[in-house]
Amino acid sequence: MKFLKNLKKKAEPFMEKAKKFTFKYRYGFYAAIPYFLMDLVTRILGHIDYYPVFFPMPNLFTFLWIFLFVGIIINLKGIFEMLAYWIFFFFAMFLYLVNNIYFSMTKYYFSPNLLESTGEGKDYVMDTILGANKLIYVFAVIIFIIALVVFIKMRKRTQFHFKKMGKVIVIFILLHAIMPLFYGSGNELEWKNFKNDRVVYNHFNEPNKSMKVAGLYEYTARSFYIEFLKPEEKISKKDKDFLDEIYTADDPHTPNDYTGIFEGKNVIFLQLEGMDNWALNEKHTPTLYHLMQDSINFTDHYSLYTGGGSTFNSEFAVNTGFTTPISYIENVYNYNKNTFPYTMPKLFKEAGYSVNAFHMNSGEFYSRAINYESWGYDNYYGLIDIVDYKDDKYELDRELIANNTFEKLMFDHKPGEKFVDYIISYTPHTPFNPHKATSKMLAEEKYSLKTQIDALTEEDCVNLCVEETDKMVSMMIERLKERNLLENTVIVAYADHYLYTLKDKSILDKYKVTSNNLINNTPLFIYCGDKEAYQPTDIQTTTMQIDILPTVLNLFGIKYNSNNYLGTDALDPNRKGYAFFSDYSWYNGKSYVENNKVTYGESMKNSDIKETSDLIHKIIRKNDLTLKFDYFSSSK
């Protein structure tokens with residue numbers, strides 16, 4: 001008891017100082033509350049099992065940014081203080097809302113580079129806002145009320161707590177420079193370094209992990225720096241030697257029973273927007289379904305979802321054989337200045353083909369016009385660039401064929417001319433609401449009663465949209481028949497991504513594995529009108545978008561070096577199939593592995609897990625280094 005009394009007596013001076021300090025700087029503490037809550041709620045609402053919110057980092061970063069915000073605010077006077085207070089607050093609130101709403105829809109936090117593609121989704125902003133987690137707005141209102149109360153209290157303040165604003169900024173800069181040391185060190189060369197918090201911070205390669213280790217404010221600032229301000233890097237000797245060894249190695253691909261079976265035939269690449277595997281069925285998409293039954297059908301195919309621009313990622317993968325970078329943040333449509341000498345259109349043009357792309361959207365979106373030109377296309381045709389529509393009818397896939405101008409560009413060729421048509425559908429695009437966008441047009445076309453339309457569910461709207469795509473495919477087949485082209489034409493059909501834009505995720509739960517990245521399972525099949533050329537069959541090897549190009553090149557007997565691509569010929573009997581995803585998890589057709597453990601399917605030996613994980617890491621490193629340093633240009 002005496003000991004406690006003595007301890008209390010000794011502590012009294014410190015407690016008194018703490019009280020005085022707290023009282024003196026109380027307005028600064030008050031002002032910090034809304035900012036801290038916005039960061040904390042953002043990290044809590046993002047249910048990511050990676051980095052606990054109570055860890056010192058990123059909270060230390062958040063406190064440091066709050067120190068800067070509040071330090072500036074309370075060193076201003078009158079109207080300037082008021083303006084600074086609300087400018088900082090609403091900017092932080094904007095970051096809070098954008099990241100949480102985007103995460104609610106995509107399960108990824110927002111990256112600044114997505115600002116370059118805002119036009120693609122501007123028509124669906126309101127649907128996204130209304131469909132987001134309602135807790136986002138509940139907390140936003142609570143935080144705003146707190147900020148308002150704090151502001152009223154601060155107006156009664158009669159003294160400044162920091163003598164000089166410059167001191168605040170200097171302290172911020174110094175502490176910010178040493179803060180990353182608290183993450184510890186990370187082995188950059190280890191295959192599983194994507195899990196190391198220091199490596200995650202250094203590279204900022206994945207939005208979710210980056211947010212969890214850095215917090216809302218540091219995440220925003222560092223993302224902006226890395227994506228827009230960071231000086232261009234030069235390739236190291238070690239990385240250059242790594243790529244040189246890969247690209248100068250002997251080609252491991254050898255001819256097989258499928259080599260050249262479609263040689264000299266025309267080809268249509270049919271990229272199907274949102275055509276999830278469950279949506280392609282005999283009832284709603286009979287044309288596609290029967291084509292698939294008569295095809296070389298790849299039953300275990302996956303589309304790599306990247307969190308932003310997944311449609312264009314599929315275009316990039318099929319045309320170049322590469323994919324969106326994983327170890328750093330960059331949208332692939334920014335690589336139009338890179339050299340890609342071995343693209344699909346360039347190799348087909350060398351074989352005497354004309355190569356053209358068709359989509360309803362303008363060449364501006366995703367910089368398609370520039371990218372398709374850089375890949376070697378003769379033309380990229382955007383329907384709305386060519387035809388002056390007075391309504392939104394151009395969003396219906398049938399217009400790609402029904403429009404006379406487009407139809408002639410696709411199918412009217414010189415006698416004997418071989419052609420490649422790359423056709424991208426659109427209609428199965430969010431929102432799947434019977435009163436909005438394409439769903440509204442199709443619902444009103446099919447049903448005469450308002451009660452019938454009102455009763456349509458989100459899944460019903462999906463079915464309406466995929467039926468529209470199927471109608472377009474049926475029209476395409478008829479046009480090929482009319483011109484006697486079908487027998488001499490190959491159709492390579494695949495989805496750009498699964499239907500991640502559905503608001504009601506329980507729809508997906510009914511049809512596929514949704515607990516991991518196997519949710520990315522999508523259709524891929526290759527059909528030919530010449531029934532003598534091949535035997536329809538199901539191919540069970542695991543594939544992904546990067547495998548499409550080498551597989552097609554082999555089928556057409558076009559010479560290529562498989563080292564120049566990430567994927568492999570999916571019809572090679574010696575092939576070991578796999579699909580990998582942006583969090584470095586992978587699937588080999590039997591086992592799904594994440595964080596070095598089998599979490600779904602058959603068990604594996606640790607040595608086998610490591611072997612495949614090392615291979616995946618090598619492929620990703622090859623992809624990212626090749627793109628970052630424009631290897632094919634520098635290696636000439």
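Per chain, residue numbering runs from 1 following the sequence as it is written. The predicted origin of the model limits local features to residues at a pLDDT of at least 70 and limits the giving and counting of side-chain atom pairs to 80 or more, whereas totals for whole chains, interfaces and linings rest on all residues. Based on all heavy atoms of the structure, the side-chain values leave hydrogens and waters out of the count.

Draft legend 1. How the structure looks around the overall build of the protein. Runs of E in the DSSP output that reach at least two residues are strands. Runs of H or I that reach at least four are helices, and both are numbered from the N terminus. Counting its secondary structure elements, the protein contains 25 helices and 14 strands. The size measure is the radius of gyration over C-alpha atoms, and the globule rule it meets is 2.2 Å times the number of residues to the 0.38 power. Taken against the 2.2 N^0.38 rule, which gives 26 Å for 636 residues, the C-alpha radius of gyration of the protein at 28 Å falls within 12% of a compact globule. To measure how exposed things are, a 1.4 Å probe is used in the Shrake-Rupley method; for residues, cover is taken only from the protein chains shown. Total accessible area on the protein stands at roughly 29200 Å², and carbon and sulfur atoms take up 57% of it. Charged-residue counts in this description rest on Lys and Arg as positive and Asp and Glu as negative, His and the chain ends being excluded. Note on charges: their place is set at NZ of Lys, CZ of Arg, CG of Asp or CD of Glu. Side chains of the protein give 70 positive and 76 negative charges; the mean places of these two sets differ by 16 Å.

Draft legend 2. Expanded view of the confidence of the model for the protein. Across the chain, each position has a pLDDT score giving the predictor's confidence in that residue, from 0 to 100. On average, residues of the protein carry a pLDDT of 90, and 91% of them reach 70 or more. Contacts from residues 188-192, a stretch scored under 50 in pLDDT, to residues over four places away or in other chains number 12 contacts. What makes two residues a contact is simply this: any of their non-hydrogen atoms within 4.5 Å.

Draft legend 3. Main features of the pairing of strand 7 (residues 489-495). Within strand 7, seven of the seven residues are buried, leaving the element largely enclosed by the surrounding structure. Three exposure classes are used, based on accessible area relative to the maximum for each residue type with a 1.4 Å probe and protein chains only: buried under 20%, partly exposed in between, and exposed over 50%. By the alternation rule, side chains of strand 7 split into T489, I491, A493 and A495 and V490, V492 and Y494, which are all buried. When strand 1 (residues 266-272) meets strand 7, the two strands line up parallel, connected through seven bridges. Residue pairing for strand 7: V267 is matched across the bridge by V490. Any two strands with at least two DSSP bridges between them are considered paired.

Draft legend 4. Expanded view of the pattern of salt bridges. Take a side-chain nitrogen of Lys or Arg and a carboxyl oxygen of Asp or Glu: if they are within 4 Å of each other, that pair is a salt bridge. Per the counting criterion, the structure on display carries 23 salt bridges. Among the ionic pairs, K349 bridges to D378, the shortest N-O distance being 3.1 Å. Of this pair, K349 sits in helix 14 (residues 344-350) while D378 is found in the loop between helix 15 (368-375) and strand 5 (379-382), placing the two residues 29 residues apart along the sequence. Taking the shortest distance from any N to any O, the salt bridge between R575 and D547 comes out at 2.8 Å.

Draft legend 5. Geometry of the layout of surface pockets. Using a 1 Å grid laid over the protein atoms alone, points where a 1.4 Å probe fits but cannot get out form a cavity; open sets with protein on both sides within 12 Å along at least 5 of 7 lines form a pocket; any residue with an atom within 4 Å of a point counts as lining. Grid points are joined across faces, edges and corners, and a volume is the space filled by probe spheres set on the points. What the largest pocket holds in volume is close to 1400 Å³. Lining the largest pocket are 49 residues, with H47, F103, T106, K107 and N208 sitting closest to its centre. When residues of the lining of the largest pocket are assigned to their parent elements, the largest contribution, six residues, is made by helix 4 (residues 78-106). Three classes are used, and their members are as follows: Ala, Val, Leu, Ile, Met, Phe, Trp, Tyr, Cys and Pro are nonpolar, Asp, Glu, Lys and Arg are charged, and the others, Gly among them, are polar. The residue inventory of the lining of the largest pocket, partitioned by class, reads 19 nonpolar, 19 polar and 11 charged.

Draft legend 6. Structural detail: empty space enclosed by the protein. Going through the model one piece at a time under the given rule, you end up with three cavities of 30 Å³ or more. Its volume calculated, the second largest cavity comes out at about 40 Å³. If you trace the second largest cavity, you find it lined by F298, V492, L524, I526, T543, D547, I548, T551, V552 and A570. At the level of elements, strand 8 (524-528) and helix 23 (548-555) are the ones that each hand at least two residues to the lining of the second largest cavity. Classifying every residue of the lining of the second largest cavity by side-chain character gives seven nonpolar, two polar and one charged.

Draft legend 7. Representation of the side chain of N371 within the structure. Along the chain, N371 falls in helix 15. Whenever a nitrogen or oxygen atom comes within 3.5 Å of another N or O atom, the pair is scored as a polar contact, on the condition that within protein one atom can donate a hydrogen and the other can accept it, and that pairs from neighbouring residues in sequence are kept only if both atoms are in side chains. A polar contact of 3.1 Å, which involves the side chain of N371, links it to the backbone oxygen of Y333. When near neighbours in sequence (up to four residues on either side) are disregarded, N371 contacts F312, V332, Y333, Y335, N336 and Y366.

Draft legend 8. Main features of unusual backbone geometry. Between M57 and P58 the backbone carries a cis peptide bond, its omega angle lying at 20°. Examined against the element boundaries, P58 turns out to sit in helix 3 (residues 56-73). Cis geometry is found at the peptide bond from T430 to P431, where omega equals 5°. Its location among the elements puts P431 in the loop between strand 6 (418-424) and helix 19 (437-446). Phi is positive for Y584, which is not a glycine, with a value near 75°. The topology assignment puts Y584 in the loop between strand 11 (579-580) and strand 12 (586-587). Phi angles above zero are rare outside glycine, and N595 is one such case at about 55°.

Draft legend 9. Highlighting a nonpolar patch on the surface. The patches described consist of residues with a relative accessible area above 30% and no salt bridge, like charges being joined within 9 Å and nonpolar side chains (Val, Leu, Ile, Met, Phe, Trp, Tyr) within 5 Å. A contiguous nonpolar surface patch, about 640 Å² in accessible area, is contributed by L60, F63, I171, L175, I178, L181 and F182. No other element matches helix 8 (residues 165-178), which puts three residues into the nonpolar patch. Positionally, F182 belongs in the loop between helix 8 and helix 9 (197-203).

Draft legend 10. Geometry of the packing of helix 2 (residues 26-45) against helix 3. The axes used here are C-alpha line fits, helices contributing only the stretch in contact, and every angle between their N-to-C directions lies in the interval 0 to 180 degrees. Put simply, helix 2 and helix 3 touch, their axes get as near as 9 Å, and they point 140° apart. With respect to helix 3, the element helix 2 is oriented oblique. The two elements helix 2 and helix 3 meet at a crossing, and its hand is right-handed. For the pair helix 2 and helix 3, the contacting residues are G28, A31, A32, Y35, F36, D39 and R43 in the first and P58, N59, T62, F63, I66, F69, V70 and I73 in the second. Considered class by class, the residues forming the contact of helix 2 with helix 3 number 10 nonpolar, three polar and two charged. Should an angle fall under 35 degrees it is taken as roughly parallel, and over 145 as roughly antiparallel, whereas 65 to 115 is taken as roughly perpendicular and any remaining angle as oblique. Helix crossings get a hand from a simple test, with the near helix turned counterclockwise from the far one by less than a right angle marking a left-handed crossing and a clockwise turn marking a right-handed one.

Draft legend 11. Expanded view of helix 4. Residue count minus one, scaled by 1.5 Å, sets the expected span of a helix. Over its 29 residues, helix 4 runs 42 Å from end to end, which matches the ideal 42 Å to within 8%, given 1.5 Å per residue. In the stretch just after helix 4, K107 is the one whose phi turns positive, near 70°.

Draft legend 12. The sheet that holds strand 13 (residues 591-594), seen in detail. In space, the four strands of this open sheet follow the order 11-12-13-14, with antiparallel pairing throughout. Edge strands, defined here as strands with exactly one partner in the open sheet, are strand 11 and strand 14 (597-601). Summarising the sheet, strand 11 and strand 12 pair through two bridges and their orientation is antiparallel. Bridged to F580 within strand 12 is W586.

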